[in-house]
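# Architecture at a glance
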Amino acid sequence: MRWPVMVQAVLVVAAIVVFAIAPAMRAPMLAIPTGATSAATLLDGDVQLLGPGPLAHSLVIRSGDPGIFWRALSHGILLVRSDATSCSTGNQLND
């Protein structure tokens, strides 16, 4: 009887974490590459570059594309909620 309660608790915590970091449509998001693929591969169509991110090779972007989250994951890029103030102050992109 304890396993179903534990599984439900884990699922609730996982859902809270996903909703806490998942980017909203048209809101700034941080694109963090997890492999060899550059975050710049997302810069097409409805994606606007806001600046370089605070992490190496990361970018702060904005997009109205509802499928960008899954497209980014398929390229090995993690998108998390951010704001435009998280752009680094350098003049050049970090890639």
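These notes cover the structure that comes with them. Fair warning: this is a prediction, and the values are worked out from it, not measured in the lab. Along every chain, residues carry numbers that run from 1 in the direction the sequence is written. Side-chain atom pairs in this predicted model are given and counted only at pLDDT of 80 or more, local residue features only at pLDDT of at least 70, and totals for whole chains, interfaces and linings cover all residues. Hydrogens and water are ignored here; the side-chain numbers use all heavy atoms of the structure.

Numbered from the N terminus, helices here are DSSP runs of H or I no shorter than four residues, and strands are runs of E no shorter than two. Relative to the helices and strands, S58 resides in the loop between β2 (47-52) and β3 (59-63). With relative accessibility at 0%, the residue S58 sits in the buried group. There is a polar contact of 2.6 Å between the side chain of S58 and the backbone oxygen of L55. In this view, S58 contacts L30, A31, I32, P33, P52 and G53; residues no more than four positions away in its chain are not counted. Throughout this description, buried means an accessible area under 20% of the type-specific maximum (1.4 Å probe, protein chains only), exposed means over 50%, and partly exposed covers the range between. Pairs of N or O atoms within 3.5 Å make up the polar contacts considered here, provided that, within protein, one atom can donate a hydrogen while the other can accept it, and that residues adjacent in sequence are counted only when both atoms are side-chain atoms. Between two residues, a contact is recorded if the distance between any of their heavy atoms is within 4.5 Å.

This part is about the pairing of strand β1 (residues 29-33). When you tally the buried positions in β1, you get five out of five residues, the bulk of the element. Burial along β1 is two-sided: the face carrying M29, A31 and P33 and the face carrying L30 and I32 are both buried. When DSSP finds two or more bridges between two strands, those strands count as paired. Judged from the three bridges that link them, β1 and β3 form a sheet pairing that is antiparallel. The residue of β3 that forms the bridge with M29 is I61. Here β1 pairs with strand β4 (residues 77-81) via five bridges, running antiparallel. Residue pairing across strands places P33 opposite I77, the latter belonging to β4.

This next bit is on the nonpolar core. The nonpolar side chains of a soluble globular protein tend to be buried, and buried together. Within the largest apolar cluster, eleven residues are counted, these being M29, A31, A39, L42, V47, L59, I61, I68, A72, I77 and L79. Counting only elements with at least two residues in this core, the list comes to β1, β3, α2 (68-74) and β4. Nonpolar cores were defined as sets of buried Ala, Val, Leu, Ile, Met, Phe, Trp, Tyr and Cys residues, with membership established by side-chain atoms within 4.5 Å.

As summarised here, the arrangement of the four strands in space is β2-β3-β1-β4, forming an open sheet in which the pairing is antiparallel. With partners counted over all chains shown, the strands left at the sheet margins are β2 and β4, one partner each. Averaged over all pairs of adjacent strands, the angle between strand axes in this sheet comes to 35°, irrespective of strand direction. What counts as an axis is a line fitted to C-alpha atoms, over the stretch in contact for a helix, and the angles between N-to-C directions run from 0 to 180 degrees.

The subject of this paragraph is the packing of aromatic side chains. Each Phe, Tyr or Trp ring, with Trp reduced to its six-membered ring, pairs with another whose centre is within 6.5 Å; inter-plane angles below 30 degrees give stacked pairs, above 60 give edge-to-face pairs, and intermediate values give tilted ones. Taken as a whole, this structure holds one aromatic pair when the rule is applied. Both rings, one in F69 and one in W70, keep their centres 5.2 Å apart while their planes meet at 85°; by these two values the pair is edge-to-face. W70 sits in the exposed class, given a relative accessible area of 60%.

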